[in-house]
Amino acid sequence: MANPAVLDGSGADPLPDGASVGVIGAGPAGSFFALHLLALLGESGRTARVTLIDRKTFSSSGPSGCNMCAGAIGHAMVKKIESLSLAIDASVIRRIVDGYEIHGMDVSVTVRHPDRGGIYTVFRGGGPMIPRGGARSFDQYLLDAAVSRGAEFLHERVDAVERVSGGYRLTFPGGTRRDFDFLVGAFGVNSSISRKLEFGYVPPATWHTVQAEIPATGKFIEERLRNRIHIIPGRGKRIRFLAITPKDDFLTLTGIGEHVKIADLEKERMKNMALASLMPEGANVACHCHPQVPVGVALRPYSTRMAIIGDAFISRYLKNGIESSHDTARILAEAITRHGISERALAEHFHRPCLGLFRYDNVWGKLLFGIYEGMLRKGRLSDAYLEAVNREAAGGDMAQAHILWSVFAGDSPYREIARDALAFRTLLKLAGTLSRGR
Ligand SMILES: Cc1cc2nc3c(=O)[nH]c(=O)nc-3n(C[C@H](O)[C@H](O)[C@H](O)COP(=O)(O)OP(=O)(O)OC[C@H]3O[C@@H](n4cnc5c(N)ncnc54)[C@H](O)[C@@H]3O)c2cc1C
């Protein structure tokens with residue numbers, strides 16, 4: 001351990017100068033944590049030895065180098081990256097899409113936020129086939145930024161975690177070990193390490209999703225997809241929603257449901273006409289994966305000198321996972337630099353604020369997704385609803401279009417969206433528009 005003398009064992013004080021901090025996982029949560037921690041320590045003239053550890057190389061192509069997501073980054077996340085004095089450059093952005101298109105059976109609605117600009121799409125690894133010259137994945141970009149500001153990167157798999165006097169010991173393949181004064185778990189929900197922690201941590205409940213990368217030309221994306229992300233309700237039993245997220249020369253097709261397999265996605269491609277019409281003819285899947293997505297909250301994600309952030313703890317329900325990982329990372333960095341590294345300090349200054357941000361809001365998220373899923377999966381009813389939204393929008397009333405944007409794309413808390421969506425006046429007006437028919 002770097003400097004045991006400065007640690008009295010109770011962890012009641014903030015992270016001391018010169019402490020060693022190990023971070024399991026260099027995905028967004030791990031890198032954002034390192035960036036915030038180093039910035040906060042720098043402000044108060046302190047330092048720490050921060051080691052980001054990951055089994056993956058984010059420049060490799062295929063699932064082995066990728067943290068498996070659709071890669072849509074909204075306006076609020078871009079602003080938070082900029083607030084770290086970083087700019088996402090053209091080498092990372094694979095496309096700037098200008099909105100979302102939400103589909104029913106035969107009708108669709110385009111939703112855009114007037115003030116929010118485009119949505120960036122990125123790859124999380126080196127891309128589906130071969131790494132592209134001059135291009136960088138989003139995770140590599142964040143990791144490079146953390147390393148350039150003083151973090152160390154260790155390309156290793158953590159095999160075991162053990163509590164030792166004054167900190168934690170990590171064991172790597174081959175039996176090598178390293179001790180840290182403070183340990184951060186940023187290992188996501190696709191890792192078996194979560195089962196090897198001894199202090200009562202229980203990972204969040206997850207859904208098993210599917211993703212496929214499908215080659216597409218820029219012309220197809222511009223002309224057929226109109227350079228937008230498309231949300232399509234599933235027609236089979238297993239997939240609730242599908243999303244098409246365009247990159248430069250690929251479409252990421254995501255199927256969300258409790259337990260979805262690639263065969264379910266292939267069935268949707270054949271039977272779901274709204275989806276089939278948005279796919280390039282005869283295109284084959286170049287790469288696919290089955291990542292998990294958290295739909296609950298972890299139990300006991302902290303203990304003295306240790307805390308768990310990102311997906312492995314909590315995130316906004318089915319939306320903005322990268323931004324959520326940023327938020328839990330920032331809250332932890334503030335907690336340990338300003339308050340303490342004891343279980344009590346972490347309960348008060350890390351666990352409670354993170355739950356405050358997401359847990360109750362996610363109850364509203366589940367309700368809203370349930371309502372809109374129910375409506376959009378109902379064939380003719382979905383078309384009647386989307387026609388009503390289009391009619392209102394044509395008359396200059398964007399209320400329903402804005403609600404749809406917020407549910408599927410926006411970054412406002414779900415309780416604020418629910419307040420607008422379920423307001424008596426909004427419902428009455430919608431009922432009126434629906435009853436006037438076509
Ligand atoms: C299908 C799908 C689509 C999504 N689309 C979006 C989207 O469009 N926009 C968005 O904002 N979010 C999206 N998300 C959510 C987003 O992917 C996550 O919220 C985000 O990746 C969480 O970041 P994290 O750092 O907590 O975990 P991860 O990104 O999973 O990173 C964890 C890291 O830990 C490493 N690791 C794990 N175990 C070990 C070990 N034992 N030793 C060493 N390293 C280890 C892994 O290699 C990995 O790099 C999507 C998720 C899914 C499943």
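Residues numbered from 1 in each chain as written. Predicted model: local features only at pLDDT ≥ 70, side-chain atom pairs only at ≥ 80, totals over all residues.

**Looking at the overall build of the protein**
From N to C terminus, the protein includes 12 helices and 21 strands. At 22 Å, the protein has a C-alpha radius of gyration in line with the 22 Å of a compact globule built from 438 residues. Reported as C-alpha extents along the three principal axes, the dimensions of the protein are approximately 75 × 50 × 35 Å. A buried classification covers 47% of the 438 residues belonging to the protein. If you take every contact in the protein between residues at least 6 apart in sequence, the share linking residues at least 24 apart comes to 73%. (Helix = DSSP H or I, 4+ residues; strand = E, 2+ residues; numbered from the N terminus. Rg over C-alpha atoms; globule rule 2.2 N^0.38 Å. Buried ≥ 20, exposed ≤ 12 C-beta atoms within 10 Å, placed from the backbone. Contact = placed C-beta atoms within 7 Å.)

**Description of the packing of helix H1 (residues 28-43) against helix H7 (residues 321-338)**
At a minimum axis separation of 8 Å, H1 and H7 run at an interaxial angle of 35 degrees. As H1 runs across H7, the sense of the crossing is right-handed. On the side of H1, the interface is formed by Pro28, Ala29, Phe32, Phe33, His36, Leu37, Leu40 and Leu41, while H7 contributes Ile322, Ser325, His326, Thr328, Ala329, Arg330, Leu332, Ala333, Glu334 and Thr337. Partitioned by chemical class, the residues of the contact of H1 with H7 number 11 nonpolar, five polar and two charged. (Axes fitted to C-alpha atoms, helices over the stretch in contact; angles between N-to-C directions. Left-handed = near helix turned anticlockwise from the far one by under 90°. Nonpolar A, V, L, I, M, F, W, Y, C, P; charged D, E, K, R; others polar.)

**Topic: the site of the ligand**
Neighbouring residues of the ligand: 38 residues in total, closest Gly25, Gly27, Gly188, Gly310 and Gly321. Considering every element that reaches the shell around the ligand, the biggest residue donor is H7, with four residues. Across the shell around the ligand, the residue classes break down as 16 nonpolar, 16 polar and six charged. Shared between two domains, the shell around the ligand takes at least three residues from each, and those domains are domain 1 (16-75 + 136-205 + 294-360) and domain 2 (98-121 + 207-291). (Near = placed C-beta within 6 Å. Domains from an automatic or database assignment.)

**Let's talk about unusual backbone geometry**
Of note in this structure, Arg300 is not a glycine but carries a positive phi near 45 degrees. Mapped onto the secondary structure, Arg300 falls in the loop between strand S19 (292-294) and strand S20 (302-303). Although it is not a glycine, Arg305 adopts a positive phi angle of roughly 65 degrees. Note that Arg305 resides in the loop between S20 and strand S21 (306-308). Under the C-beta neighbour-count criterion, Arg305 is labelled buried, with 24 such atoms within 10 Å.

**As for the sheet that holds strand S15 (residues 229-233)**
Hydrogen bonds between backbone groups are what pair the strands of a sheet, and the pairing can be parallel or antiparallel. Across the sheet, which stays open at both edges, the seven strands sit in the order S6-S5-S15-S16-S17-S14-S18 with mixed pairing between neighbours. Bordering the open sheet on either side are strand S6 (108-111) and strand S18 (287-289), each of which pairs with just one other strand. Taking the axes of each pair of neighbouring strands and ignoring which way they run, one obtains an average angle of 15 degrees across the sheet. The sheet contact formed by strand S5 (residues 100-103) and S6 spans four bridges and is antiparallel. Looking across to S6, one finds that Tyr100 is bridged to Val111. Against the sheet, helix H5 (residues 262-271) makes contact with strand S14 (210-215), strand S16 (241-246), strand S17 (250-256) and S18, and its axis sits at roughly 55 degrees relative to S14, the strand it touches most. (Pairing = 2+ DSSP bridges.)

**Concerning the pairing of S16**
Among the six residues in S16, five count as buried, and that is most of the element. Summarising the sheet, S15 and S16 pair through four bridges and their orientation is antiparallel. Residue pairing in the sheet places Ile232 in a bridge with Leu242 of S16. Relative to S17, S16 runs antiparallel, the two being bridged by six bridges. From the neighbouring strand, Phe241 faces S17, where its bridge partner is Ile256. Hairpin geometry of S16 and S17 is characterised by an intervening segment of three residues between the two adjacent antiparallel strands.

**With respect to the sheet that holds strand S8 (residues 152-155)**
Overall, mixed pairing links the six strands, which are arranged S8-S2-S1-S12-S21-S20 in an open sheet. Each edge of the open sheet is held by one strand with a lone partner, namely S8 and S20.

**Quick notes on the domain arrangement of the protein**
Quite often, the size of an interface is put as the accessible area lost when its parts meet. Domain parsing of the protein yields domain 1 (16-75 + 136-205 + 294-360), domain 2 (98-121 + 207-291) and domain 3 (364-436). Between domain 2 and domain 3, the C-alpha centre-to-centre distance is 21 Å. Tallying the contact residues gives 15 residues for domain 2 and 17 residues for domain 3. Every element with two or more residues in the side of domain 2 that touches domain 3 is listed here: S5, S6 and S15. Ranked by the residues each element gives to the side of domain 2 that touches domain 3, the list is headed by S6, at three residues. Among the residues making up the side of domain 2 that touches domain 3, the classes are represented as nine nonpolar, three polar and three charged.

**Some points on helix H11 (residues 414-421)**
If you check which residues of H11 are buried, you get Tyr414, Ile417, Ala418 and Ala421. The buried residues of H11 all sit within an arc of 100 degrees when viewed along its axis, so they share a single face. (Arc of directions from axis to C-beta.)

**Comments concerning the packing of helix H10 (residues 399-408) against H11**
Following both chains from N to C, one finds H10 and H11 inclined at 155 degrees, their axes separated by 10 Å at the closest point. When the axis of H10 is compared with that of H11, the two are roughly antiparallel. Relative to H11, H10 is oriented so that their crossing is left-handed. Of H11, the residues touching H10 (which contributes Ile403, Ser406 and Val407) are Ile417, Asp420 and Ala421. Taken together, the residues that form the contact of H10 with H11 break down as four nonpolar, one polar and one charged. (Parallel < 35°, antiparallel > 145°, perpendicular 65-115°, else oblique.)

**Some words on the nonpolar core**
Core analysis: the biggest nonpolar cluster contains 115 residues, and Val23, Phe33, Ala34, Ile309, Leu332 and Leu404 have the highest contact counts within it. Of all the elements, helix H8 (residues 343-376) adds the most residues to this core, at nine residues. Leaving out residues up to four positions away in the same chain, Phe33 has contacts with Val23, Val184, Ala186, Ile309, Ala329, Leu332 and Ala333. (Core = buried A, V, L, I, M, F, W, Y, C linked by C-beta atoms within 7 Å.)

**Re the environment of Gly166**
Locating Gly166 in the fold gives a position in the loop between strand S9 (160-164) and strand S10 (167-171). Among the residues examined, Gly166 registers 18 C-beta atoms within 10 Å and is labelled partly exposed. C-alpha of Gly166 to C-alpha of Asp181: the two residues are 15 residues apart in sequence and 6.2 Å apart in space.

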